[in-house]
Amino acid sequence: MNLNTIAIIGYCAAFGTTISFLPQAIKTIQTKDTSGISLPMYALFTAGTLLWLIYGITANSLPVAIANAITLIFASIILVYKIRYK
């Protein structure tokens, strides 16, 4: 595969995983209902997303960095909601 094909696959994967996360994030932000979310799981998920963002930046992988930056914003909001609205 050439570099352009690999980049397209990366952008498509980043788009798909980020977009799939948005409906649940938006619903949680609107309702502030986090009763179905495990705090330890979400804390680990948010930390993992931060690490993926750092990886994407240091590896110069724009698809990984962009997808995880967007996901980290929403994951952080939900994590704060989970802690605040127990």
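Residues numbered from 1 in each chain as written. Predicted model: local features only at pLDDT ≥ 70, side-chain atom pairs only at ≥ 80, totals over all residues. Heavy atoms only, no water.

### A look at the overall build of the protein chain
Condition: Runs of E in the DSSP output that reach at least two residues are strands. Runs of H or I that reach at least four are helices, and both are numbered from the N terminus. Only protein chains enter the accessibility calculation, which uses a 1.4 Å probe; a residue is then buried when its area is under 20% of its type maximum, exposed when over 50%, and partly exposed in between. Should any heavy atoms of two residues lie within 4.5 Å, those residues are considered in contact. The protein chains shown are the only cover counted for residues, whose accessible areas, like all others here, come from Shrake-Rupley with a 1.4 Å probe.
In terms of regular secondary structure, the protein chain is built from three helices and zero strands. Written out in order from the N terminus, the α and β elements of the protein chain read α-α-α. Principal-axis analysis of the C-alpha atoms places the extent of the protein chain at approximately 50 × 25 × 15 Å. Expressed as a percentage of its 86 residues, the buried residues of the protein chain come to 29%. The contacts in the protein chain between residues at least 6 apart in sequence include a share of 71% that link residues at least 24 apart. Accessible surface for the protein chain amounts to roughly 5,800 Å². Of this, 72% is attributable to carbon and sulfur atoms.

### What to know about helix α1 (residues 3-31)
Note that an α-helix has 3.6 residues per turn; residues three or four places apart therefore point the same way. Formally: Residue count minus one, scaled by 1.5 Å, sets the expected span of a helix. To obtain the bend at a residue, axes are fitted to the seven residues ending there and to the seven starting there, and the angle between these axes is taken.
End to end, α1 covers 43 Å across 29 residues, agreeing with the expected 42 Å (1.5 Å per residue, within 8%). At L22, α1 is bent by approximately 30 degrees, the largest bend along its length, and proline P23 sits one to four residues beyond. What α1 keeps buried is the set A14, T18, F21, L22, A25 and T28. Of the surrounding secondary structure, the elements contacted by the buried residues of α1 are α2 (39-58) and α3 (62-84).

### A closer look at the side chain of N68
Mapping N68 onto the fold places it in helix α3. Its relative accessible area of 15% is what places N68 among the buried residues. N68 has contacts with T49, W52 and L53, leaving out every residue within four places of it along the chain.

### Concerning the nonpolar core
For clarity, the cut-off: Residue types Ala, Val, Leu, Ile, Met, Phe, Trp, Tyr and Cys, when buried and joined through side-chain atoms within 4.5 Å, form a set referred to as a nonpolar core.
Of all hydrophobic cores here, the largest spans seven residues; its members are F21, A25, I37, Y42, A75, I78 and L79. Looking at this core, the elements with two or more residues in it are α1 and α3. A per-element tally of this core places α3 first, with three residues. Discounting residues that sit within four places of it in the chain, A25 has contacts with F74 and I78.

Any functional reading would require information beyond the geometric quantities listed.
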